[in-house]
Amino acid sequence: MAKYTKEEYTLARKQKQALLKLMLNKTGTKHKDLIDLAEQQFIRANLDVVTPAEKRQFNRLVFSAV
């Protein structure tokens, strides 16, 4: 793995943020919508780590559809 200086890392991070902002703007997507989608995908991908007893705590969610 290549090593980066602090300045290179900072510049790459700024460029990533600028690219994301540009893409969100061009697609008409809100940052909150992107975060919500990522959260949903994370929950679906990791639902197997939650026990049935723990699932019962979240009675407002439908796990069969997740």
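Treat the numbers as computed from the prediction; the structure is a model and nothing was measured. (Residues numbered from 1 in each chain as written. Predicted model: local features only at pLDDT ≥ 70, side-chain atom pairs only at ≥ 80, totals over all residues. Heavy atoms only, no water.)

Chemist: Lay out the environment of Arg44 in plain terms, naming residues and giving numbers.
Modeler: With respect to the helices and strands, Arg44 occurs in helix α2 (residues 31–46). A sequence separation of 19 residues divides Arg44 from Phe63, and the C-alpha atoms of the two residues are 8.9 Å apart. (Helix = DSSP H or I, 4+ residues; strand = E, 2+ residues; numbered from the N terminus.)

Chemist: How would you sum up helix α1 (residues 6–27)? Please name residues and give values.
Modeler: Between its first and last C-alpha, α1 extends 32 Å over 22 residues, near the 32 Å set by a 1.5 Å rise per residue. Just downstream of α1 lies Gly28, where phi reads positive at about 70°. (Expected span 1.5 Å × (residues − 1).)

Chemist: Explain the layout of surface pockets to me, and be specific about the residues and the numbers.
Modeler: Its volume calculated, the largest pocket comes out at about 160 Å³. Considered class by class, the residues forming the lining of the largest pocket number 8 nonpolar, 1 polar and no charged. (1 Å grid on protein atoms, 1.4 Å probe; cavity = no way out; pocket = protein on both sides within 12 Å on 5 of 7 lines; lining within 4 Å. Points joined across faces, edges and corners; volume = space filled by probe spheres on them. Nonpolar A, V, L, I, M, F, W, Y, C, P; charged D, E, K, R; others polar.)

Chemist: Help me get a handle on the confidence of the model for the protein chain, residues and values and all.
Modeler: Of the residues in the protein chain, 94% have a pLDDT of 70 or more, and the chain-wide mean is 91. Ranking the helices and strands of the protein chain by mean pLDDT puts α1 first, with 97, and helix α3 (residues 52–55) last, with 92. (pLDDT = per-residue confidence, 0-100.)

Chemist: If you had to explain the pattern of salt bridges to someone new, which residues and values would you point to?
Modeler: Applying the stated criterion across every chain yields a total of 1 salt bridge. Where Asp36 meets Lys32, a salt bridge forms, and the shortest distance between an N and an O atom there is 3.0 Å. Residue Asp36 and its partner Lys32 are both found in helix α2; the two are separated by 4 residues, about one turn of the helix. The exposure class assigned to Asp36 is partly exposed, which follows from its relative accessible area of 28%. (Salt bridge = Lys/Arg side-chain N within 4 Å of Asp/Glu carboxyl O. Buried < 20%, exposed > 50% of the residue type's maximum accessible area, 1.4 Å probe, protein only.)

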